[in-house]
Amino acid sequence: MNFVSTRDINKTANSAEAIAYGLANDGGLFAPLTLPNFSLEDIAYLSQKSYSELVAFVAEPFLPGFIYEELGAFTNCAYSNFPSNPAPIVSLDEKTHILELFHGPTLAFKDFALSLLPHLLTASLKKLNISKTAVILAATSGDTGSAALEGFANISGAKICVFYPQGGVSNIQRLQMTSKAETNVKVIGIKGNFDDAQSGVKNIFSDFAVGAKLEEAGYILSSANSINWGRIVPQIAYYFSAYTNLVNTGKLTFGKPMNVVVPTGNFGNILAAYYAKKCGLPIHKLICASNSNNVLTNFISTGVYDRKRTFLATISPSMDILISSNLERFLFELYNHDGEAVKTLITALAEEGRYKITHEAHKVVEELIYAGYADDKATLAIIKETWQKYGYLSDTHTAVGIKVYREYIEKNSNDKTPTIIAATASPFKFADSTLEALGVSALGDDFEKLAKLSEISGIAIPKPLGNLMNKEECHKTLCNLNEMKSQLFDWLKL
Ligand SMILES: *Cc1c(COP(=O)(O)O)cnc(C)c1O
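Description of the structure in this document. Position numbers for residues start from 1 in each chain and track the written sequence from start to end. Reporting of local features is limited, given that this is a predicted model, to residues whose pLDDT is at least 70; pairs of side-chain atoms are given and counted only at 80 or more, and all residues count toward the totals for whole chains, interfaces and linings. Only hydrogens and water are removed before side-chain values are computed, so all heavy atoms of the structure are retained for them.

### Topic: the packing of aromatic side chains
The test is simple: Put simply, two rings from Phe, Tyr or Trp (the six-membered ring, in Trp's case) pair if the centres are within 6.5 Å, and we call them stacked under 30 degrees between planes, edge-to-face over 60, tilted for the rest. Going along the chain from the N terminus, every DSSP run of H or I of four or more residues is numbered as a helix, and every run of E of two or more is numbered as a strand. Residue burial is assigned from relative accessible area. The probe radius is 1.4 Å, only protein chains are included, and a residue is buried under 20% of its type maximum, exposed over 50%, and partly exposed in between.
Under the definition given, this model contains 22 aromatic pairs. Seen in terms of ring centroids, phenylalanine 267 and phenylalanine 330 are 5.5 Å apart; in terms of plane orientation they differ by 45 degrees. Their pairing is tilted. In this pair, phenylalanine 267 sits in the loop between strand S10 (258–263) and helix H12 (268–278) while phenylalanine 330 sits in helix H14 (residues 327–334), placing the two residues 63 residues apart along the sequence. Neither residue differs from the other here; phenylalanine 267 and phenylalanine 330 are each classed as buried. Put simply, the rings of Phe3, Phe38, Tyr45, Phe57, Phe62, Trp229, Phe240, Phe267, Tyr274, Tyr275 and Phe330 pair up and form one aromatic cluster.

Right under this line is the structure:
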């Protein structure tokens, strides 16, 4: 009994169940009731270890029932197609350090979790004696889709179906998904935004009739979104890696804290940093950076979560989200594991479009997290400025993080804490906007833009994108929101 639903602590699951099912059957997220503690000795020990050993060590206490050796085999395999240092740090100045999380196969941070998740899922099904084929459903704002397809393509015993908002992702992001030709994958564009895709997927999950029908046909539904606990764990690990890297390179005194800035949408990546802090990693401030869909900025400064606002399509599309699913796990911690209270808030969000947390809870949030946002104009300006001042080229999402950190420092000039800014995607994934920021009028097709960006920056086009050039878009299905279920059934021939 290691995990419970965030809406009802009587609904329990072990690690294998939490990973295999993805979501509790009351619609809640699986969350741990007790958290592990990492001592400074543990962290010193980790600073001597390889990346895959570090991930296995950090993951073990978060996944009771999985042993270190088993996890080590998975992480070895999962990170074999990353560079030898999967999460390198580039320093802009003495206290500003970019944690580059985009050197995996699809060039965004989601590769860290989605390279490992297929191993965790396959093992979980085995532990549960389930011989059914897993049907992975994912809603994507652009990067989860390609990373999940990469991870699950050709995995026997799994099929994966990705829904993306048509027109809501960059060209390169779409091509990365729609060119996937493996027979166990399906990619569908929906006529709606990411929130629509995400709630459509959640509806399929909580539809008992769908579950029963799939079950009968030999399938079990699972999730590759960050609602799956198996997504959060590998992300907790790279904050430990960032810390030991800073210490090993003399940029941080061992035992002293660092700040962490995270460009945020679904609150998954920053939640991982919060868990790392709660489990003993010395972190001072968490800095939550949003784009113009700044529902989290408002929530953190006022204690009111209000999604009744216009959904904006921005140049950082992977953060175009108004319903941040993983905030539910954070609420569960804030409310000291009171599932009833969480359920009340989430019900209010569904029915009235807003909720307000208690004064005490809000005080805790404000102490923990600084929040800010950057609109498109500010994002473009900071890309240019960072390039001119430091010779560092960031993508649009990372730029939102850099901008909000700037603002934080202006307001808190006495905070000298070394700071990690999570760089969540490669600038080449968003070549259009990056070129625009640099003042280059981007002519020609996507590949000419990549070449232009490479020429200006002196950075080679990342291989996975260069390889896309010769590929065909083999997935062309588009559907309405009310057809998501029938599209899934058609694909599975049900
Ligand atoms: C998914 C994504 C984000 C947002 O991450 P969350 O875990 O949803 O907060 C930020 N940047 C990029 C590039 C992403 O792909």
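Here the narrative resumes, following the displayed structure.
### A short note on the sheet that holds strand S5 (residues 96–100)
Applied cut-off: Being paired, for any two strands, means DSSP has found at least two bridges between them. For helices, the fitted line uses only the C-alpha atoms of the stretch in contact; every axis is such a line through C-alpha atoms, and the angle between N-to-C directions lies from 0 to 180 degrees. Here a residue-residue contact requires only that any non-hydrogen atoms of the pair lie within 4.5 Å.
Judged by pairing direction, the sheet is mixed, and its six strands sit side by side in the order S4-S5-S15-S10-S11-S14 without closing on themselves. Edge positions in the sheet fall to strand S4 (89–91) and strand S14 (369–373), since each of these pairs with one other strand and no more. Ignoring strand direction, the axes of neighbouring strands in this sheet form an average angle of 25 degrees. Of the pairings in the sheet, the one linking S10 to strand S15 (residues 419–423) comprises three bridges and is parallel in character. Bridge pairing in S15 links valine 260 to isoleucine 420. Of the strands in this sheet, S10, strand S11 (283–290) and S15 are in contact with H12, which crosses S11 at around 170 degrees. Strands S5, S10, S11, S14 and S15 of the sheet are contacted by helix H18 (residues 396–411), whose axis makes an angle of about 125 degrees with S11.

### What to know about the pattern of salt bridges
It is possible for side chains of opposite charge to pair when their charged atoms get near one another. Basically, it comes down to this: Salt bridges are identified by distance alone: a Lys or Arg side-chain nitrogen within 4 Å of an Asp or Glu carboxyl oxygen.
Scanning the model with the defined rule gives twelve salt bridges in all. Look at the salt bridges and you will find they share partners, linking Glu150, Lys180 and Glu182 into a network.

### Some remarks on the environment of proline 257
Here proline 257 is to be found in the loop between helix H11 (229–248) and S10. The contacts of proline 257, once residues within four sequence positions are left out, are Leu252, Pro282, Ile283, His284, Thr417 and Pro418.

### Looking at the pairing of S5
For S5, the buried fraction is high: five of the five residues fall into the buried class. Residues Thr96, Ile98 and Glu100 of S5 are buried on one face, and the alternating residues His97 and Leu99, pointing to the opposite face, are buried as well. Relative to S5, S4 is paired through three bridges, and the arrangement is antiparallel. Considered in S5, the bridge of serine 91 is made with histidine 97. Hairpin connection from S4 to S5: four residues lie between these consecutive antiparallel strands. Judged from the five bridges that link them, S5 and S15 form a sheet pairing that is parallel.

### What about the site of the ligand?
We count it as follows: Near residues are defined by distance, with any heavy atom within 4 Å of the molecule or strand qualifying the residue. Polar contacts, as used here, are pairs of N or O atoms within 3.5 Å; protein pairs need one atom able to donate a hydrogen and one able to accept it. Residues neighboring in sequence count only if both atoms are side-chain atoms. Residue-level accessible areas treat just the shown protein chains as cover; the underlying method is Shrake-Rupley with a 1.4 Å probe. Here the term charged refers only to Asp, Glu, Lys and Arg, the term nonpolar to Ala, Val, Leu, Ile, Met, Phe, Trp, Tyr, Cys and Pro, and the term polar to all other amino acids, Gly among them.
Taken together, 15 residues form the shell around the ligand, and within it Lys110, Asp143, Gly265, Asn266 and Thr424 come nearest. One of the backbone nitrogen or oxygen atoms of phenylalanine 267 is found 3.2 Å away from an oxygen atom of the ligand. Contacts to the ligand include threonine 424, whose side-chain N or O atom sits 2.9 Å from a nitrogen atom. Here the ligand loses 98% of its free accessible area of 380 Å² to cover by the protein chains. In terms of residue class, the shell around the ligand is made up of five nonpolar, eight polar and two charged.

### Things to note about the sheet that holds strand S16 (residues 478–479)
With parallel pairing, the five strands of this open sheet are ordered in space as S9-S6-S7-S8-S16. The two strands at the open ends of the sheet, each matched to only one other strand, are strand S9 (219–223) and S16. Pairing of strand S8 (residues 185–190) with S16, which is carried by two bridges, proceeds in the parallel orientation. Each bridged residue has a counterpart across the sheet, and for isoleucine 190 the counterpart in S16 is cysteine 479.

### Details of the side chain of glutamine 235
In this structure, glutamine 235 sits in helix H11. Glutamine 235 gets classed as buried once you look at its relative accessible area, which sits at 1%.

### As for the packing of helix H7 (residues 143–152) against helix H8 (residues 171–178)
The criterion, for reference: Convention used here: angles under 35 degrees read as roughly parallel, angles over 145 as roughly antiparallel, angles from 65 to 115 as roughly perpendicular, and any remaining angle as oblique. Note: crossing handedness is left-handed where the near helix turns anticlockwise from the far helix by less than a right angle, and right-handed where it turns clockwise.
H8 packs onto H7 with a crossing angle of 25 degrees between their chain directions and a minimal axis gap of 9 Å. For the element pair H7 / H8, the angle class is roughly parallel. Note that H7 runs across H8; the crossing there is left-handed. Residues Asp143, Gly145, Ser146 and Leu149 of H7 touch H8, and the partners they reach there are Gln173, Gln176 and Met177.

### Thoughts on the nonpolar core
Going by this rule: Take the buried residues of types Ala, Val, Leu, Ile, Met, Phe, Trp, Tyr and Cys, join any two whose side-chain atoms come within 4.5 Å, and each joined set is a nonpolar core.
The biggest cluster of nonpolar side chains holds 113 residues, and the ones touching the most others in it are Phe240, Met258, Phe330, Tyr355 and Ile357. Looking at this core element by element, the count peaks at twelve residues for H11. Excluding residues that lie within four positions of it along the chain, phenylalanine 240 makes contacts with Phe38, Ile43, Leu46, Leu54, Val58, Ala276 and Leu281.

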